[in-house]
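# Topology and contacts: notes
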Amino acid sequence: MPVIIRPTEDKDHAAVHQLLTERWTAPDIMLGGKMYDASRLPGYVAYDGDDLVGLVTLIKTDDEWEILTLDSINRWGGVGSQLLDAVVTEARANNLTRLTVRTSNDNLDAFRFYQRRGFRFERIGQGVIDREREQKPGIPLRGDYGIEIRDEILFARAL
């Protein structure tokens, strides 16, 4: 059975909330000094039967969209790419010319994922995550590959 990708609906909230809690420790995600409840944001879900296997959440403005979270339960299975493709298709249909995403400096897998899909480094926010940690102490000090988490990297893709 193929994975089904569709826009997030109200009926998905419990499963989305659970996935964000498991993957991000809570649905509350800080970005740009502002806290977002990612479980209430628009986006896309990926279901394999009754199982939620992927999610992308978006912060939408009139000028551009920013990916807040992108998760695939089974890494390297193509679900993340399918979710991103759905976002790009909708963004283009809305005449947007740009899509952005931010990640922490330790997330080398995200660096690879986004660059392979047309995103480019745009800005490094030195010490951004150090400052966010003051407001959200649950942000770990070290991340993937034992790298100290301190900075935020902005990627952008022209559409």
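Everything quoted here is computed from the prediction, not taken from an experiment. (Residues numbered from 1 in each chain as written. Predicted model: local features only at pLDDT ≥ 70, side-chain atom pairs only at ≥ 80, totals over all residues. Heavy atoms only, no water.)

### Things to note about the pairing of strand β6 (residues 65-72)
Looking down a regular strand, the side chains alternate between one sheet face and the other. Under the convention used in this document: Relative accessible area decides the class of each residue, using a 1.4 Å probe on protein chains only: under 20% of the type maximum gives buried, over 50% gives exposed, and in between gives partly exposed. Secondary structure is summarised from DSSP: a helix means a run of H or I of at least four residues, a strand means a run of E of at least two, and numbering begins at the N terminus for each. Note on pairing: DSSP must find at least two bridges between two strands before they are called paired. Place the viewer so that the strands point away; then a crossover is right-handed whenever the path from the first strand over the helix to the second strand goes clockwise.
For β6, the tally of buried residues reaches 8 of 8 residues, placing the bulk of the element in the interior. Sheet topology places strand β5 (residues 51-60) next to β6; 7 bridges connect them, and they run antiparallel. Paired with Val56 across the bridge in β6 is Leu70. Judged from the 3 bridges that link them, β6 and strand β7 (residues 98-104) form a sheet pairing that is parallel. Residue pairing across strands places Glu66 opposite Thr100, the latter belonging to β7. Regarding topology, helix α2 (residues 79-93) serves as the crossover connection from β6 to the parallel β7, and that connection is right-handed.

### Notes on the nonpolar core
Threshold: Put simply, buried Ala, Val, Leu, Ile, Met, Phe, Trp, Tyr and Cys residues joined by side-chain atoms within 4.5 Å make one nonpolar core. In this description, contact between two residues means that some pair of their heavy atoms is separated by no more than 4.5 Å.
Membership of the largest hydrophobic core comes to 25 residues, with the highest contact counts inside it found for Val56, Ile67, Leu99, Tyr114 and Phe119. When residues of this core are traced back to their parent elements, those giving at least two are β4 (43-48), β5, β6, α2, β7, α3 (108-116) and β9 (152-158). It is α2 that provides the largest number of residues to this core, a total of 7 residues. Each residue touching Val56, except ones within four places of it in the same chain, is listed here: Pro42, Gly43, Tyr44, Ile67, Thr69, Leu70, Leu83 and Val87.

### Here we look at helix α1 (residues 13-24)
Operational definition: Between the first and last residue of a helix there are one fewer steps than residues, each counted as 1.5 Å, and that sum is the expected span. Within this analysis, the arc is defined by the directions that extend from the helix axis to the C-beta atoms.
Across its 12 residues, α1 extends 16 Å between first and last C-alpha, which sits within 8% of the 16 Å expected from 1.5 Å per residue. Regarding α1, the residues found buried are His13, Val16, Leu19 and Leu20. The arc that holds the buried residues of α1, viewed along the axis, is 130 degrees, so those residues lie on one side. The exposed residues of α1 that point more than 90 degrees off its buried face are Ala14 and Glu22. In the segment just after α1, Thr25 is the residue with positive phi, at about 75 degrees.

### Side note on the environment of Gln126
Residue position: Gln126 is located in the loop between β8 (120-125) and α4 (128-135). Judged by its relative accessible area of 64%, Gln126 falls in the exposed class. If sequence neighbours within four positions are ignored, Gln126 has contacts with Arg131 and Asp151.

### Structural notes on the packing of aromatic side chains
The cut-off we apply is this: Any Phe, Tyr or Trp ring, taking Trp's six-membered ring, that has another such ring centre within 6.5 Å forms a pair; planes under 30 degrees apart are called stacked, those over 60 apart edge-to-face, and the others tilted. Ring-over charges, as used throughout, are those where CZ of Arg or NZ of Lys falls within 6 Å of the ring centre and within 35 degrees of the ring normal.
Applying the stated criterion across every chain yields a total of 6 aromatic pairs. Ring plane angle 85 degrees and centroid distance 5.5 Å describe the contact between Phe111 and Phe121, whose orientation is recorded as edge-to-face. Of this pair, Phe111 sits in helix α3 while Phe121 is found in strand β8, placing the two residues 10 residues apart along the sequence. The class of Phe111 is buried, set by a relative accessible area of 13%. With centroids separated by 5.1 Å and ring planes inclined at 70 degrees, the aromatic side chains of Tyr114 and Phe119 adopt a geometry described as edge-to-face. When its relative accessible area of 2% is taken as the criterion, Phe119 is described as buried. An aromatic cluster of three or more residues is present, and its members are Phe111, Phe113, Tyr114, Phe119, Phe121 and Phe155. One Lys or Arg, Lys60, reaches over the ring of Trp65 and ends 4.3 Å from the middle of that ring.

### What about the confidence of the model for the protein chain?
Note the cut-off: Predictor confidence is given residue by residue as pLDDT, running from a minimum of 0 to a maximum of 100.
Taken residue by residue, the protein chain gives an average pLDDT of 94. The fraction at 70 or more is 99%. Taking the mean pLDDT of every element in the protein chain, the minimum, 89, falls on strand β2 (residues 28-31) and the maximum, 98, on strand β1 (residues 4-7).

### A short note on α3
Turning to α3, its buried residues number three or more, namely Asp109, Ala110, Phe111, Phe113 and Tyr114. Where α3 is buried, its residues meet β6, α2, β7, β8 and β9. Just downstream of α3 lies Gly118, where phi reads positive at about 90 degrees.

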